[in-house]
Amino acid sequence: MIQKPNLLKFSNYKVNDKISVHVPTIDEIFDFGDMKYYNIVQTLIATPWDLMVELDDIGVDYEAITNFQLFMLMIESIAISENDTSILFGDLDLKKFKEAVNSKNGETVLWDKENDIVIDQMIALEICNTIRKIHFWKAPVGNAGNSEAKRYLIERNRIKKQRLAKKPYKSFLETMIISLVNTEEFPYNYETVMGLSIYKLNASWRQIQKKKHWEQTMNGVYFGTVDTSKIDLEKINWLSPE
């Protein structure tokens, strides 16, 4: 088994010899613009399920497009709208990638001809999984089942997105930092937290939530308000891996 780079140690996650995913610090994200940063990473890892409404608007069935086909479209979209993506990819220039066909297997890939850098389905998956790991996100899993259910899902999501679009942007990152800094388990202040990587901040956020949930559960067990026969205490233990 090959051990992947440890995100607690490295600021750049090496996908292969030519492609790395940068793990930015909080300071880097705020300098870049946290709204813009999250727009880029969420666009890049979007699945057809995530974008069922947008795809429907341009006449594309979200179940008829693959994750990699969508990934290629998102790379093109980001390259057009953003001049600087170094916060995520360092020196990699997304504008140089064009669709090409791998002569060895006939598969469509993204190719930077000038630097001979190829992004195929497996590399794209590794990039997306790395970004999800950094932010502790999971890929959505869903299946409409039939055409009526699909139309219902699309329209329900359309209404939800229209409602969210009317709301002003609220920085989740800022809210997270304020919450953590005012928590006794978090040893950083508003100045020192800026040096943490986004992975370390997300890991701390997740772990502190887990620890507090464990403590509340144990209090419930002690006072007899929690039935231990209905929960797996080992699974929710804040020291357990998951």
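Here, the structure is the one placed above.
Please read these numbers as outputs of a predicted model, since none were measured by experiment. (Residues numbered from 1 in each chain as written. Predicted model: local features only at pLDDT ≥ 70, side-chain atom pairs only at ≥ 80, totals over all residues. Heavy atoms only, no water.)

Trainee: Is there a simple way to think about the packing of aromatic side chains in this case?
Mentor: The relative placement of two aromatic rings is captured by the distance of their centres and the angle of their planes. Applying the stated rule across the entire model yields 7 aromatic pairs. Ring centres of Y38 and W137 lie 6.4 Å apart, and the angle between their planes is 50°; this geometry places the pair in the tilted category. Of the two residues, Y38 sits in helix α2 (residues 34–44) while W137 sits in the loop between α6 (121–135) and α7 (147–165), which places them 99 residues apart along the sequence. Consider the rings of F172 and W205, whose centres lie 6.1 Å apart with planes at 85°: the pair is edge-to-face. Highlighted residues: F172 in helix α8 (residues 172–181) and W205 in helix α9 (residues 198–222), separated in sequence by 33 residues. Ring-pair connections join several aromatic residues into one group, and the members of that group are Y37, Y38 and W137. Note that K9 overlies the ring of F10, its terminal NZ or CZ placed 5.7 Å from the centroid. Sitting over the face of the ring of Y62, K150 holds its NZ or CZ atom 5.9 Å from the ring centroid. (Phe/Tyr/Trp six-rings, centres within 6.5 Å; stacked < 30°, edge-to-face > 60°. Helix = DSSP H or I, 4+ residues; strand = E, 2+ residues; numbered from the N terminus. Lys NZ or Arg CZ within 6 Å of the ring centre and 35° of its normal.)

Trainee: Any chance you could explain a positive patch on the surface here in plain terms?
Mentor: A cluster of basic residues, R156, K160, R163, K166 and K167, forms a positive patch at the surface. In this structure, K160 sits in helix α7. Given a relative accessible area of 48%, K160 falls into the partly exposed group. (Patch = residues over 30% accessible without salt bridge, like charges linked within 9 Å, V, L, I, M, F, W, Y side chains within 5 Å. Areas by Shrake-Rupley, 256 points an atom, 1.4 Å probe, with all protein chains shown as cover. Salt bridge = Lys/Arg side-chain N within 4 Å of Asp/Glu carboxyl O. Lys, Arg positive; Asp, Glu negative; His and termini not counted. Charge placed at Lys NZ, Arg CZ, Asp CG, Glu CD. Buried < 20%, exposed > 50% of the residue type's maximum accessible area, 1.4 Å probe, protein only.)

Trainee: Is there a simple way to think about the pairing of strand β3 (residues 97–101) in this case?
Mentor: Where a strand is regular, its side chains alternate between the two sheet faces. Taken together, the 5 bridges between β3 and strand β4 (residues 108–112) define a ladder with antiparallel strand orientation. Considered in β4, the bridge of V101 is made with T108. Between β3 and β4, which follow one another and run antiparallel, lie 6 residues, and G106 among them has a positive phi close to 80°. (Pairing = 2+ DSSP bridges.)

Trainee: I would appreciate a short explanation of α7 in the present structure.
Mentor: Helical geometry note: an α-helix holds 3.6 residues per turn, so side chains three or four residues apart project in the same direction. With 19 residues, α7 should reach 27 Å at 1.5 Å per residue; the first-to-last C-alpha distance of 27 Å fits that figure. Near the N-terminus of α7, the side chain that reaches the backbone nitrogen of E148, with its oxygen 3.1 Å away, is that of N146. (Expected span 1.5 Å × (residues − 1). Polar contact = N/O pair within 3.5 Å; in protein donor to acceptor, adjacent residues only side chain to side chain.)

Trainee: Honestly, the layout of surface pockets in this entry has me stumped. Any pointers?
Mentor: With a probe scaled to a water molecule rolled over the atoms, the places where space remains empty come into view. Looking at the largest pocket, its volume works out to about 1100 Å³. If you go around the largest pocket, you meet 32 residues; those closest to its centre are Y38, N39, Q42, W137 and L164. Of all the elements in the fold, those that place two or more residues in the lining of the largest pocket are α2, α6, α7, α8 and α9. Residue contributions to the lining of the largest pocket peak at 5 residues, all from α2. Among the residues forming the lining of the largest pocket, the class breakdown is 17 nonpolar, 7 polar and 8 charged. (1 Å grid on protein atoms, 1.4 Å probe; cavity = no way out; pocket = protein on both sides within 12 Å on 5 of 7 lines; lining within 4 Å. Points joined across faces, edges and corners; volume = space filled by probe spheres on them. Nonpolar A, V, L, I, M, F, W, Y, C, P; charged D, E, K, R; others polar.)

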